[in-house]
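Analysis of the macromolecular model
Now for the letters of each chain:
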Amino acid sequence: MVNILNKTISRIKPIDKEAMANAQTRQDNLTKPQGSMGILEDISIRLAGIQGRTIPKIERKAIITMAGDHGVVAENIGNWPQEVTAQMVLNFLRGGAGINVISRQIGARVIVVDMGVATRFEVDPRLVSIKIAPGTRNMANGPAMTQEQAIRAVEAGIEIIDAEVEKGLDIVGTGDMGIGNTTPSAAICAIMTGRKVSEVTGRGTGLSDPQLKHKIAVIEKAISVNKPDAEKPLEVLSKVGGFEIAGLAGVMIGAAASRVAVVVDGFISGAAALIATAIAPGCKDYLFAGHLSTEPGHRFMLEHLGLKPLVNLEMRLGEGTGAALGISIVEAAARILSEMATFSEAGVSEKEE
């Protein structure tokens, strides 16, 4: 690991226990029975610890949606052509995708990043262009990327979140776009959780039974060929990962270093979270799970991370859509803590002992 990543990891501090204790005291004195807002109370208290203040705020919101292509699509593991990745990036820029719609609803800016799309884009100020390479290599035949590319992609994610923090940021959601990216995500899931490939691999965009069987076989082959070591997350990333997965891992690490809460989207963002928390365990307390994807491996990811999904709407789109919905819930939790009156403020009698 090199300087940017090491320095960022060193900046990650434990969440503020004193702020959490003070937030709990305020929660217990709001005009409601204690605990009656359920998990929303827990969210607000952890958010206080993340931000290091008794009354946290969620005003400045962003979704970082990263795109990359995957050489493993040459193994016919999906139903969509690779050029759809680039076409959807342009759709994001025009504001016509699902993530744009939900982000407008919650008042979040969308940052679209080309981490490694195979198509060359024209210069566009709305697109953050990193492009580590025009797609990864076919992981079924060898490493998807070099170790240097993996580190560069993670550090690019850190640089992007640092730039957004400078603009002002209270919370960030992670999103992805990349035809074929459930395949590397399933590989990462199997390696990092110790589950069988067949347990964690889903139908992606709608595979038939024979196609699913083939996809599982391709992932098993990639793991056999590359022999990634779960104790070496950057090695796992370079051998069976993707540029957008690496970049999102960097976003999570960088956000934690800046005391910014992260709402993790679905299966692909979950793979990034497995890598991020293995590289920098301290970032785990800064993560919220936006939703539970219908991809079977996502449940195992969340169990491994110790995260509970904020919603379960049977979604599997990606892009950051589940993260955006999750941000709306985290914001509601923060507003309850900050805007709801206490018994003394409202002049309401408290429960008799």
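It should be noted that the structure appears before, not after, this text.
Residues numbered from 1 in each chain as written. Predicted model: local features only at pLDDT ≥ 70, side-chain atom pairs only at ≥ 80, totals over all residues. Heavy atoms only, no water.

1. As for the sheet that holds strand 1 (residues 61–68)
Here is the rule: Following DSSP output, two strands are said to pair if at least two bridges run between them. Helix and strand labels come from DSSP, where a helix needs a run of H or I of at least four residues and a strand needs a run of E of at least two; each type is numbered from the N terminus. Each axis is a line fitted through C-alpha atoms, taken for helices only over the stretch in contact, and angles between the N-to-C directions span 0 to 180 degrees. Contacts are assigned to residue pairs with any non-hydrogen atoms lying within 4.5 Å of each other.
Here 7 strands make up an open sheet; going across it, the order is 3-2-1-4-5-6-7 and the pairing parallel. This sheet does not close on itself; its edge strands, each paired only once, are strand 3 (127–129) and strand 7 (309–311). Neighbour-to-neighbour, the strand axes of this sheet turn through a mean angle of 30°, independent of strand direction. Sheet strands in contact with helix 3 (residues 39–51) are strand 5 (261–264), strand 6 (287–291) and strand 7, and its direction is about 140° off that of strand 6.

2. Side note on the packing of aromatic side chains
Stated precisely, the cut-off is as follows: Think of it this way: a Phe, Tyr or Trp ring, Trp meaning its six-membered ring, pairs with another when their centres are within 6.5 Å, and the plane angle makes it stacked under 30 degrees, edge-to-face over 60, tilted otherwise. By the criterion adopted, a ring carries a charge over it if an Arg CZ or a Lys NZ lies within 6 Å of its centre and within 35 degrees of its normal.
Within the structure shown, the criterion is met by 0 aromatic pairs. Here the guanidinium or amino end of Arg 46 rests over the ring plane of Phe 288, the centre of that ring lying 3.9 Å away. In this structure, Arg 299 packs its charged tip against the face of Phe 300, placed 4.5 Å from the ring centre.

3. Here we look at the pairing of strand 1
Quick reminder of the rule: For every residue, the accessible area obtained with a 1.4 Å probe (protein chains only) is divided by the maximum for its type, and the residue is called buried under 20%, exposed over 50%, and partly exposed between those limits.
Most of strand 1 is tucked away, with 8 of its 8 residues classed as buried. Sheet topology places strand 1 next to strand 2 (residues 108–116); 8 bridges connect them, and they run parallel. Across the sheet, Thr 65 pairs through a bridge with Val 112, a residue of strand 2. Direction of pairing for strand 1 relative to strand 4 (residues 171–177): parallel, over a ladder of 7 bridges. Within the sheet, the bridge partner assigned to Ala 67 lies in strand 4 and is Met 177.

4. A word on helix 5 (residues 98–106)
Taken residue by residue, helix 5 has Ile 99, Asn 100, Ile 102, Ser 103 and Ile 106 as its buried positions. Buried residues along helix 5 sit in contact with strand 1, helix 4 (83–94), strand 2 and helix 14 (321–339). Among the residues trailing helix 5, Gly 107 stands out with phi positive, at a value near 75°.

5. Describing the pairing of strand 4
In terms of burial, strand 4 is largely enclosed, as 7 of its 7 residues are buried. Every second residue of strand 4 is oriented toward a common face, with Ile 171, Gly 173, Gly 175 and Met 177 on one face and Val 172, Thr 174 and Asp 176 on the other, all of them buried. Pairing between strand 4 and strand 5: 3 bridges, direction parallel. Counterpart to Ile 171 in the pairing with strand 5 is Ala 261.

6. A few points about unusual backbone geometry
One non-glycine residue, Lys 131, adopts positive backbone phi at about 40°. Mapping Lys 131 onto the fold places it in the loop between strand 3 and helix 6 (147–167). Note on Lys 131: relative accessible area 25%, which makes it partly exposed. Here Glu 314, not a glycine, exhibits a phi torsion of approximately 55°, which is positive.

7. Here's the deal with the pattern of salt bridges
Rules: Any Lys or Arg side-chain nitrogen located within 4 Å of an Asp or Glu carboxyl oxygen qualifies as a salt bridge.
Following the criterion strictly, the structure yields 15 salt bridges and no others. Among the ionic pairs, Glu 199 bridges to Arg 195, the shortest N-O distance being 3.5 Å. On the basis of relative accessible area, Glu 199 is assigned to the partly exposed category, the value being 30%. Residue Lys 239 pairs with Glu 235 through a salt bridge whose shortest N-O separation is 3.5 Å.

8. Re the packing of helix 1 (residues 3–11) against helix 6
The test is simple: Any angle from 65 to 115 degrees is called roughly perpendicular, while one under 35 is roughly parallel, one over 145 is roughly antiparallel, and all others are oblique. In this scheme the crossing of two helices becomes right-handed for a clockwise turn of the near helix relative to the far one and left-handed for an anticlockwise turn of less than a right angle. Residue polarity follows a fixed list, in which Ala, Val, Leu, Ile, Met, Phe, Trp, Tyr, Cys and Pro are nonpolar, Asp, Glu, Lys and Arg are charged, and the others, Gly among them, are polar.
Here helix 1 crosses helix 6 at 55°, and the two axes come no closer than 9 Å. It follows that helix 1 is oblique to helix 6 by the angle criterion. Between helix 1 and helix 6 lies a crossing of left-handed hand. Residue-level inspection shows Asn 3, Ile 4, Leu 5, Thr 8 and Arg 11 of helix 1 in contact with helix 6, the latter providing Val 154, Glu 155, Ile 158, Glu 159 and Asp 162. The residue inventory of the contact of helix 1 with helix 6, partitioned by class, reads 4 nonpolar, 2 polar and 4 charged.

9. Examining the nonpolar core
Counted only if it meets this: Here the nonpolar core consists of buried residues drawn from Ala, Val, Leu, Ile, Met, Phe, Trp, Tyr and Cys, with membership extended through side-chain atoms lying within 4.5 Å.
Counting residues in hydrophobic clusters, the biggest one holds 119 residues, and the most contacted among them are Ile 64, Ile 188, Ile 253 and Val 330. If you tally residues by element for this core, the top one is helix 11 (residues 243–257), at 11 residues. Filtering out sequence-adjacent residues up to four positions away, Ile 188 remains in contact with Val 236, Val 240, Gly 241, Ile 245, Ala 271, Leu 274 and Ile 275.

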